[in-house]
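# Examining the three-dimensional arrangement
Below, each chain spelled out in residue letters.
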Amino acid sequence: MNLLDFARGAVMKWSIAIFLFGMLWRLFGMLLLRRTHDYSEPRVHAAGLGALRSIIRRSWPRREFQARTAYGVTVSYVFHIGLAIIVFGFVPHILFIRNLVGVGWSGLPGGIIYFCAVITLVALVMAIVRRLTHPVLKLLSNFDDYFSWFVTAAPVVTGLLAAGHYGGRYEDLLAVHILSFELLLIWFPFGKLMHSVLLFLARGQTGAVYGRRGAST
Amino acid sequence: MSSDINTIHPLETEGARLSIKKPALRYDRQGDMSDGQRVEAAMRTFVREFGATSAIYLESCIHCGMCAEACHYYVQTNDPRYTPVRKLEPFKQAYKREAGPFAFFYRLFNLKPRVTADELQKWQELIYDSCTMCGRCTLICPMGIDIARLVGQARHGMFQAGLVPHELWAVAERAEREGSPLGATPKVFKDRIDWLSDENAVEIPVDRDVADILVTMSSIEIMKYPQAIVATARVLNALGEKWTIRLDGYEATNFGMLSGNSQWQKDLSMKMINAAVRCKAKLLILPECGHAYGAMRWDGANVYGKPLPFEVLHISEFLARNLGNGRLKVRNVPKSVTFHDPCQIARRGGATQAPRQVLGKLGVDLHEMTPSGDGNWCCGGGGGVVTIHRADELRYKVFQIKMKQVDDSGAEMLVMSCSNCRQTFDDGQAHFKWDKTAHSLLELVADNLVQ
């Protein structure tokens, strides 16, 4: 069995299994903790609407906060959108998703994807440089922050190398790319990458609480 | 808990703000516990209170640091220690180790070491002195984490560990024992009411058996701004309401909540709830006090364990309602006014528009601060911080944001609807020899009533 078969076979199965099991474990570990009932009389009977509003609105800072957060927000948006285009727009990725879940769509031209990958990488580098230099981020950051950055950046780098055939045999580069993605899958449930799921829960519950109070969500 | 606190720590009621007299020695530890027992008590309390809501919040932080940009302590000092979510670090550590989904692994491999008493002691400044629980951080968080709520929970742990800033602990203990944190005992309050009633020729009903409205007051008003009692009476008498003050439930401030003692919070709230139930009140009016609003309007029913059998309104909401329906009439006030939004009433309470409706009826030229409403900057005195002497220097630093906001508004008059904010402004005014004086919205209405 060569490296590519290994990456596509056993490692892929195990990483998906760990990803799914880890996600469920972490989510249920939180959600099964007790919840207290709120007996206060709501000002607005629209907790659900508040939750929904918060989920949407928190995607962008309120006007009074925009000036002080512009850099971080812009860099984050660039690499998040870039990653989305790469994952869901690159034809081989779409084929992989189709094989996995049976749903596919048409992709974007390779040139656009490579351009997006480079921009994404630049934004990721800007994000990590900021994390390493900004006094607040330096103080807050822990292993999870740096490792999550690494497992996010690694598939972009290995993907670009594989697409450009730089640094080795294509099959080996592809295998390394797949393995780097599998590392991301395995780490996903245990670190901050879970924010892609948790943001709906956290924003939603704050939106529900303050929505029923008639306050800003 | 000691009961000789009156002699050991007498009240300071003559200054611009109310507190206890500055102690010669700092006692930032309460009770006789070993370091290990303190840590154990803090963590046990924190973990015991842990529910799904808090767990989701603590799991969700992406360490983006945006909360720092909303926090007046960070913005004014550039000190990263004041980053709001970092204030929760020992408690986040405890959660991951004791209650989180992967707690087993964290313990097995010691991935999160046990919190030490020394760490908790150091964190006292971050949990109390440099957090007013104003909730601006909650508003900016891209994940929607209610950091202010978590700080409130962390305070519960700190209280059980006996690690509360001394002044805040002392006023909370006094509130639990005497019924008021600042010496406004039922006897003192009754004397004040009799005096105010005579002096101002206004009827102030006390201890009616049956009334439609139960009026509650803040001890800051009773001791420092007693005209608020007169103003409330004038408004309610003008409306012809059947109302009362009751000496078995009048104190709306809740230092149990601010210091982090859930039982004391409950005791203080239950006094008002029981008084309202006894006199069959349909409405409980809360005074111009920010955290009193949160404690009763949003936490009261939860303390009671079922929906409250009466409505709860902040006095500004009551005024807005009765000015809006035409039952209350006021003269025009030909002045430009800027309004300071108390965090617990506006941003965290949702009653942001009520004072604006009142000011609209008064016909003032409203100059909004930038930002205002739910995004407004905190005065720096909330969350019990104004009582903590060692936090003064930091508090004055953050107060300068407010001074600039008020000055930039260009308004002639500064109005607010929270007596704790008001005493913070008075103290700041005295400290900086500032030319702006804080006024009460309620008193502005009462002074301009059309009978």
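Residues numbered from 1 in each chain as written. Chains lettered and ligands numbered in written order. Predicted model: local features only at pLDDT ≥ 70, side-chain atom pairs only at ≥ 80, totals over all residues. Heavy atoms only, no water.

Looking only at helices and strands, one finds 9 helices and 0 strands in chain A. Ordered by position from N to C terminus, the α and β elements of chain A give α-α-α-α-α-α-α-α-α. Overall size of chain A, expressed as C-alpha extent along the three principal axes, is 65 × 40 × 35 Å. When burial is assessed residue by residue, chain A has 41% of its 217 residues classed as buried. In chain A, of all internal contacts separated by at least 6 residues, the share reaching a separation of at least 24 is 71%. Of the accessible surface of chain A, which amounts to about 11,800 Å², a share of 73% is contributed by carbon and sulfur atoms. If the 21 positive side-chain charges of chain A are averaged to one point and the 9 negative ones to another, these points end up 11 Å apart. (Helix = DSSP H or I, 4+ residues; strand = E, 2+ residues; numbered from the N terminus. Buried < 20%, exposed > 50% of the residue type's maximum accessible area, 1.4 Å probe, protein only. Contact = heavy atoms within 4.5 Å. Areas by Shrake-Rupley, 256 points an atom, 1.4 Å probe, with all protein chains shown as cover. Lys, Arg positive; Asp, Glu negative; His and termini not counted. Charge placed at Lys NZ, Arg CZ, Asp CG, Glu CD.)

Here the focus is the pairing of strand β7 (residues 336-340) of chain B. Residue and element names in this part refer to chain B. In terms of residue burial, β7 counts as a mostly covered element, since 5 of its 5 residues are buried. On β7, burial covers both faces: S336, T338 and H340 on one face and V337 and F339 on the other are all buried. Sheet topology note: the β7/strand β8 (residues 365-366) ladder contains 2 bridges and is parallel. When the bridges of β8 are listed, S336 appears paired with D365. With 4 bridges connecting them, β7 and strand β9 (residues 413-416) associate as parallel partners. Residue H340 lies in a different strand from β9, and its bridge partner there is M416. (Pairing = 2+ DSSP bridges.)

Glancing now at the pattern of salt bridges. Residues and elements named next belong to chain B. Scanning the model with the defined rule gives 36 salt bridges over all chains in all. Ionic pairing is found between R278 and D248, a salt bridge with its closest N-O pair at 2.7 Å. Placement of R278 in helix α16 (residues 262-278) and of D248 in the loop between β4 (243-244) and α15 (255-259) is noted, with a sequence separation of 30 residues between them. Taking relative accessible area as the criterion, R278 reaches 45% and is therefore assigned partly exposed. Here D248 falls in the partly exposed class, since its relative accessible area comes to 28%. Note that R356 and E368 form a salt bridge whose closest N and O atoms lie 2.6 Å from each other. Of this pair, R356 sits in helix α20 (residues 354-361) while E368 is found in the loop between β8 and α21 (392-409), placing the two residues 12 residues apart along the sequence. You can call R356 buried: its relative accessible area is 13%. Through salt bridges with shared partners, a single network forms among E173, R174, R177 and E178. (Salt bridge = Lys/Arg side-chain N within 4 Å of Asp/Glu carboxyl O.)

Looking at chain A as a whole, its pLDDT mean stands at 96, while 100% of the residues score no less than 70. Mean pLDDT across the elements of chain A ranges from a minimum in helix α2 (residues 47-57) of chain A, with 93, to a maximum in helix α6 (residues 135-140) of chain A, with 98. (pLDDT = per-residue confidence, 0-100.)

Remark on secondary structure: sheet strands pair via backbone hydrogen bonds, oriented parallel or antiparallel. Residue and element names in this part refer to chain B. Strand order in this open sheet of 4 strands is β8-β7-β9-β10, and the pairing throughout is parallel. Of all strands in the sheet, those bounded by a partner on one side alone are β8 and β10 (438-440). Its contacts with the sheet put α20 on β7 and β8, and the angle it makes with β7 is roughly 165°. (Axes fitted to C-alpha atoms, helices over the stretch in contact; angles between N-to-C directions.)

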